[in-house]
Amino acid sequence: MSKLRFRISMSLDGFVAGPNQSVENPLGVGGMGLHEWVFPLAIWRAMHGLADGEANESTAVIAESLANIGATIMGRNMFGGHPGPWAAKDPWNGWWGDNPPFHHPVFVLTHHARPPLALDGGTTFTFVTEGLGAALEHARRAAGGKDVALAGGAKAAQQYLAAGLVDEMEISLAPVLLGSGERLFDGVGDDLHGLEHVRTVAGPGVTHLKFARR
């Protein structure tokens, strides 16, 4: 069976997004500081249609996270837009424009149904209202034997972690404090639900901690 693999950046005080998230400030106040380490990397820049960039210890970590992924799951908050029902006349279509960087099926956990959204480059967003189990089943079927990426945000990750469904987790620990926002491990309990620490990679401005189910 394919693996469910989760990767996210986190602050020293445990937050994966800052306070006061909005359409204008999707990562919350200070949230961009969680990702400063990745923006200069050539591998990240190429994914977003940008030239040049650098390589360092984080390059291999990113490359590994992208390998053998056939579908992605994300929460409604990560897909973005306003809370509640989708706008009928002009629904929110994501942060990524007409050609998102996924290039495979993406399944969005939501309480509000809407038709699938097909965009350029092979990305189709399917909106799943039946819960995390159904989203994982749909994603595994769409992945065709490849692994499934769990993209976040915090609430979606918490549900899959607490249910013991995550097979691999890579936390990229950024040397910043956010003070408040969305904590990754709220409600998960006092254990890692079968995950064990298997690797540490230190790069400029980040430390990558990998956990896996043995």
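These remarks concern the structure in this document. (Residues numbered from 1 in each chain as written. Predicted model: local features only at pLDDT ≥ 70, side-chain atom pairs only at ≥ 80, totals over all residues. Heavy atoms only, no water.)

This part is about the overall build of the protein chain. When helices and strands are tallied, the protein chain shows five helices and 11 strands. The C-alpha atoms of the protein chain give a radius of gyration of 17 Å, which matches the 17 Å a tight globule of 214 residues would have. The principal-axis extents of the C-alpha atoms in the protein chain amount to approximately 45 × 35 × 35 Å. Looking at the 214 residues of the protein chain, the share that counts as buried comes to 43%. Per element, the accessible surface of the protein chain, about 10400 Å² overall, is 56% carbon and sulfur. Of the charged side chains in the protein chain, 16 are positive and 21 negative; the average position of the first set lies 5 Å away from that of the second. (Helix = DSSP H or I, 4+ residues; strand = E, 2+ residues; numbered from the N terminus. Rg over C-alpha atoms; globule rule 2.2 N^0.38 Å. Buried < 20%, exposed > 50% of the residue type's maximum accessible area, 1.4 Å probe, protein only. Areas by Shrake-Rupley, 256 points an atom, 1.4 Å probe, with all protein chains shown as cover. Lys, Arg positive; Asp, Glu negative; His and termini not counted. Charge placed at Lys NZ, Arg CZ, Asp CG, Glu CD.)

Further remarks concern helix α5 (residues 154-162). Since there are 3.6 residues in each turn of an α-helix, residues three or four apart along the chain are aligned in direction. Of the positions making up α5, those classed as buried are Ala 154, Ala 156, Ala 157, Gln 158, Tyr 160 and Leu 161. Looking one or two places after α5, you find Gly 164, whose phi comes out positive at around 70 degrees.

The next subject is helix α2 (residues 57-66). Within α2, the full set of buried residues consists of Ser 58, Thr 59, Val 61, Ile 62 and Ser 65. Looking straight down α2, one finds that the buried residues subtend no more than 165 degrees of arc, so they occupy a single side. (Arc of directions from axis to C-beta.)

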